[in-house]
Amino acid sequence: MLTSNRFSVFLFLFCIVCDQCYSIIPDYIQVCKRDPETINECVRDSIEQLRSKLVKGIPELNVPSLDPFYISEISPPLGKNMRALQAVGKDIKVSGAGNFTIKSIFVDLEKMTVRARVRFPRLHFEGKYKVDIQFLVLPIRGEGTLVADAIKCNVDALLRIKTVEKEGVEYIEFTDIDTDITIKDYRIKLQGLFNGDKTLEEATNLALNENKAELMKAAKPFAEKGVASIILDAANKITNMIPYDELFPKA
Ligand SMILES: *[C@@H]1O[C@H](CO)[C@@H](O)[C@H](O)[C@H]1NC(C)=O
C-alpha cells in the first residue's frame with residue numbers, strides 16, 4: 001500500500017518533470033495552433049522569427065546558412081528543351097536570400113498544403129560555370145567565372161505535406177514542392193568564354209544581357225529546380241524532429 005502510494009507520487013512528479021523535458025521544440029521555433037483563422041499569420045511570424053537563424057544556418061539541424069548560400073553544383077533538369085549540350089554551375093555563392101519578404105502564405109492542414117509567395121529584392125551570384133550551348137543563334141562555349149544579379153525574384157511555392165508515424169508519434173513530412181519563379185531583371189557576366197577570346201566574350205555577354213526574355217526562359221528550370229530542393233530540404237530538416245501535435249497543437 002505504502003509502496004504503491006509512493007510509486008504514484010513518483011509517477012506524478014515524473015510526469016510533471018517529463019512534460020517539460022519531453023518537449024523537444026527548440027526555442028527559436030514558434031508553434032502555431034491548428035486554427036485556420038490564425039495559422040497563416042502565425043506561420044508567417046514564425047518564419048520571420050526564424051530569419052536570423054536561417055541566415056546563419058542551424059548547424060544542430062544540419063540546415064545550411066541561407067545568406068550566403070552555397071551551391072556546389074547545378075545543372076538543368078534533364079529532358080528540357082535546351083538543344084542538347086551542357087551548362088553547369090559550380091561552387092556558386094548566392095548572397096541576398098536573407099532579405100526575403102513573405103508576400104503571402106496559406107497553410108491548409110485539411111488539404112495538407114502550404115502555398116507561399118516570397119520576394120527576394122536582389123540575389124547576387126558568384127561562382128564557376130562551364131557551358132557548351134546554343135543560345136538563340138549563338139554558340140556559347142567556355143568555362144570560367146560567373147557573376148550575376150537577379151533583381152526582384154518572386155518565388156511561388158506549393159508544398160505538399162503528409163503525416164508519417166514514427167514509433168507511434170505523428171510527424172509531418174514535406175513530400176514535394178512546385179515552384180514558379182519570375183525575375184524582373186538581371187545582369188550577368190561570364191569570364192573565360194571561348195578560351196579567352198575577349199571579343200567573342202564581350203559579344204556574348206552583350207547578347208546574354210540584351211535577350212532577357214530568352215535567357216530567363218532558359219534559366220527558369222535551373223532556378224526552379226534549385227530553389228525547390230533548397231526549400232524542401234530546409235523545411236524538412238526544421239520540422240522533422242517535432243511531433244505534429246506539438247508543432248501544430250490542436251486548437
Ligand atoms: C540585403 O540587405 C542588406 C541590408 O539592407 C544589404 O546591405 C544587402 O546589400 C542586401 N543584399 C543584397 C544581395 O542585395
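See above for the structure.
Please read all numbers here as calculations on a predicted model, not as lab measurements.

Looking now at the overall build of the protein chain. Looking only at helices and strands, the protein chain features five helices and six strands. Secondary structure of the protein chain in N-to-C order comes out as α-α-β-β-β-β-β-β-α-α-α. Expressed as a percentage of the 251 residues in the protein chain, the buried residues total 37%. If you take every contact in the protein chain between residues at least 6 apart in sequence, the share linking residues at least 24 apart comes to 66%.

On to the nonpolar core, then. Among the nonpolar cores identified, the biggest contains 65 residues, and I29, L109, F120, F174, I238 and F248 are the most heavily contacted of them. Contacts of F120, omitting those with residues within four sequence positions, involve G96, A97, F100, K152, C153 and V155.

Taken together, the side chains of L136, V137 and L138 present a nonpolar region at the surface, about 260 Å² in accessible area. Structurally, the position occupied by L138 is in strand β5 (residues 138-166).

Applying the stated criterion across every chain yields a total of one aromatic pair. Between the aromatic rings of Y244 and F248, the centroid separation amounts to 6.2 Å while the plane-to-plane angle is 75°, which identifies the pairing as edge-to-face. For K166, the ring lying beneath its charged end belongs to Y171, and the centroid distance is 4.5 Å. Residue placement shows K212 over the ring face of Y186; its charged tip is 4.4 Å from the ring centre.

This part takes up helix α3 (residues 198-210). Taking 1.5 Å of rise per residue, 13 residues should cover 18 Å, and α3 covers 18 Å from first to last C-alpha, within 8% of that figure. Where α3 is concerned, the buried positions are E201, T204, N205, A207 and L208. Looking straight down α3, one finds that the buried residues subtend no more than 160° of arc, so they occupy a single side. Exposed and oriented more than 90 degrees from the buried face of α3 are K198, T199, E202, L206 and E210. Among the structural elements, β4 (113-135), β5, β6 (169-193) and α4 (212-239) are those in contact with the buried residues of α3.

Looking now at the pattern of salt bridges. On inspection of all chains with the given rule, the structure shows 18 salt bridges. E73 is paired through a salt bridge with K90; the nearest N and O atoms lie 4.0 Å apart. Here K90 lies in strand β2 (residues 86-95) and E73 lies in strand β1 (residues 69-74), a separation of 17 residues in the sequence. A residue is classified by how much of its surface remains accessible, and E73, at 48% relative accessible area, is partly exposed.

Between D67 and P68 the backbone carries a cis peptide bond, its omega angle lying at 5°. With a phi angle near 55°, L136 is a residue other than glycine that sits in the positive phi range. With a phi close to 50°, E167 is a non-glycine residue in the positive phi region. Residue placement: E167 occurs in the loop between β5 and β6.

For the structure on display, the rule yields one disulfide. Shown here is the disulfide that connects C32 with C42, its sulfur atoms set 2.1 Å apart. The sign of the S-S torsion, about -90°, decides the handedness of the disulfide formed by C32 and C42: left-handed. Of the two residues, C32 sits in the loop between α1 (2-22) and α2 (39-56) while C42 sits in helix α2, which places them 10 residues apart along the sequence.

As for its position among the elements, S46 is in helix α2. For S46, a relative accessible area of 11% gives the class buried. Sequence-distant contacts of S46, defined by excluding residues within four places in its chain, comprise Q30 and C32.

With respect to spatial proximity, the complete set of residues near the ligand consists of S95, G96, N99 and R122. In the environment of the ligand, an oxygen atom lies 2.3 Å from a nitrogen or oxygen atom belonging to the side chain of N99. R122 has a polar side-chain atom sitting 3.1 Å from an oxygen atom of the ligand. Protein contacts shield 43% of the accessible area of the ligand, which totals 360 Å² for the unbound molecule. For the shell around the ligand, the residue count by class is no nonpolar, three polar and one charged.

With that settled, the discussion passes to the side chain of T179. Tracing the backbone through its elements, the reader meets T179 in strand β6. Exposure remark for T179: the relative accessible area of 15% places this residue in the buried category. When near neighbours in sequence (up to four residues on either side) are disregarded, T179 contacts V155, D156, A157, E224, V227 and A228.

Criteria and thresholds
Residues numbered from 1 in each chain as written. Predicted model: local features only at pLDDT ≥ 70, side-chain atom pairs only at ≥ 80, totals over all residues. Heavy atoms only, no water. Helix = DSSP H or I, 4+ residues; strand = E, 2+ residues; numbered from the N terminus. Buried < 20%, exposed > 50% of the residue type's maximum accessible area, 1.4 Å probe, protein only. Contact = heavy atoms within 4.5 Å. Core = buried A, V, L, I, M, F, W, Y, C linked by side-chain atoms within 4.5 Å. Patch = residues over 30% accessible without salt bridge, like charges linked within 9 Å, V, L, I, M, F, W, Y side chains within 5 Å. Areas by Shrake-Rupley, 256 points an atom, 1.4 Å probe, with all protein chains shown as cover. Salt bridge = Lys/Arg side-chain N within 4 Å of Asp/Glu carboxyl O. Phe/Tyr/Trp six-rings, centres within 6.5 Å; stacked < 30°, edge-to-face > 60°. Lys NZ or Arg CZ within 6 Å of the ring centre and 35° of its normal. Expected span 1.5 Å × (residues − 1). Arc of directions from axis to C-beta. Disulfide = S-S within 2.5 Å. Near = heavy atom within 4 Å. Polar contact = N/O pair within 3.5 Å; in protein donor to acceptor, adjacent residues only side chain to side chain. Nonpolar A, V, L, I, M, F, W, Y, C, P; charged D, E, K, R; others polar.

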